Amino acid sequence: ATSPRRGPTLRCEWSKLPPTADRAAQPPRLTRVTPTRRLAHELRARHDEECVAQGLEVWATPDIVTWDELIERMFMLDRQAARLGGRWLPASAAQLLWERIVRDDPELTPLLSPAGVARAAAQSWRRLHDFRVPLAALEDDQSAETAAFSRWCSAYRRLLEERDWTDGVLAQSRVHALAAMPGLELVGFDRLAPLQESLLQEWAAAGVEVRLVQAPNKAGLCRRTQCLDPAAEIDAAARWVAERLDG
């Protein structure tokens, strides 16, 4: 809870701290889920500003997490309830594991950076699962790059199984709907990956309330800018992005 200044206790847009006797009668709040940490931070800050503007003395902190943080939370809740076993593998540790696998591959050319290749491999591992592509599909491609990625995926899965680890990618398909109760409100997603859509449908069928907040449509403005060369074009684009982020 936050208490920046004293003032009358008023109703805030999202929630307020009701009197102790009335708290049991309050409906459960949904967990807000965002695609990025930046948006989650912005929503929390916006909530605090609204509460301060309304003169609140004390208010409840809204439950806002990213999709990856939601999956980790659900995994931990499932473990506590004995619905899942194994140990959670943090993203940082998973990245080190990918780097080790790539570095130990005798067929990797020394001209390539193992760290950079490992990052690309981890991202591809995530996309495969997000779009529900089976690992067996890699066998249909005879290119050297795909063959190497297939070897790394097999080695990665083998290490996870041997050490009873679950990373954030595989955990998505293993967590239970009960860990998402009472419900979720997704904010800021331009579109959902096929795996996310499937999971949300399964959780909703299991009784989880799922809401998808659509961003309002706004008319866009298209302008053409001429630059001296490609470097100036990149500089102009970067300055434009910086102005939007700062504004």
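What comes next concerns the included structure. No experiment lies behind these values; they were computed from the predicted model shown. (Residues numbered from 1 in each chain as written. Predicted model: local features only at pLDDT ≥ 70, side-chain atom pairs only at ≥ 80, totals over all residues. Heavy atoms only, no water.)

1. Overview of the packing of aromatic side chains
Item 1. This structure, assessed with the given rule, holds 5 aromatic pairs.
Item 2. Aromatic side chains W67 and W203 sit 6.0 Å apart centroid to centroid with 20° between the ring planes, which places their arrangement in the stacked category. Of this pair, W67 sits in helix α2 (residues 67–80) while W203 sits in helix α7 (residues 194–205), and the two are 136 residues apart along the sequence.
Item 3. Residue classification places W203 among the buried positions, given a relative accessible area of 2%.
Item 4. Relative to W88, the ring of F75 has its centre 5.3 Å away and its plane inclined at 50°; by these criteria the two rings are tilted. In this pair, F75 is assigned in helix α2 and W88 in strand β3 (residues 87–89), connecting sequence segments 13 residues apart. By the burial criterion, F75 is buried, and W88 matches it.
Item 5. Through successive ring pairs, a cluster of aromatic residues spans W98, W125 and Y156. (Phe/Tyr/Trp six-rings, centres within 6.5 Å; stacked < 30°, edge-to-face > 60°. Helix = DSSP H or I, 4+ residues; strand = E, 2+ residues; numbered from the N terminus. Buried < 20%, exposed > 50% of the residue type's maximum accessible area, 1.4 Å probe, protein only.)

2. Some points on the environment of L43
Item 1. Residue placement: L43 occurs in helix α1 (residues 37–53).
Item 2. Between the C-alpha atoms of L43 and I64, which are 21 residues apart in sequence, the distance is 7.8 Å.

3. Some remarks on the layout of surface pockets
Item 1. There is about 490 Å³ of room inside the second largest pocket.
Item 2. In terms of lining, the second largest pocket is formed by 20 residues, of which the most central are D68, P90, A91, R126 and G168.
Item 3. The set of elements that each furnish at least two residues to the lining of the second largest pocket consists of α2, β3, α3 (91–103), α4 (114–130) and α6 (168–171). (1 Å grid on protein atoms, 1.4 Å probe; cavity = no way out; pocket = protein on both sides within 12 Å on 5 of 7 lines; lining within 4 Å. Points joined across faces, edges and corners; volume = space filled by probe spheres on them.)

4. Things to note about a negative patch on the surface
Item 1. A contiguous patch of negative charge, built from E139, D140, D141 and E145, is present on the exposed surface.
Item 2. Along the chain, D141 falls in the loop between α4 and α5 (144–163). (Patch = residues over 30% accessible without salt bridge, like charges linked within 9 Å, V, L, I, M, F, W, Y side chains within 5 Å. Areas by Shrake-Rupley, 256 points an atom, 1.4 Å probe, with all protein chains shown as cover. Salt bridge = Lys/Arg side-chain N within 4 Å of Asp/Glu carboxyl O. Lys, Arg positive; Asp, Glu negative; His and termini not counted. Charge placed at Lys NZ, Arg CZ, Asp CG, Glu CD.)

5. Regarding the side chain of E99
Item 1. For E99, the position within the fold is in helix α3.
Item 2. Apart from residues no more than four positions distant in its own chain, E99 is found in contact with A115 and A118. (Contact = heavy atoms within 4.5 Å.)

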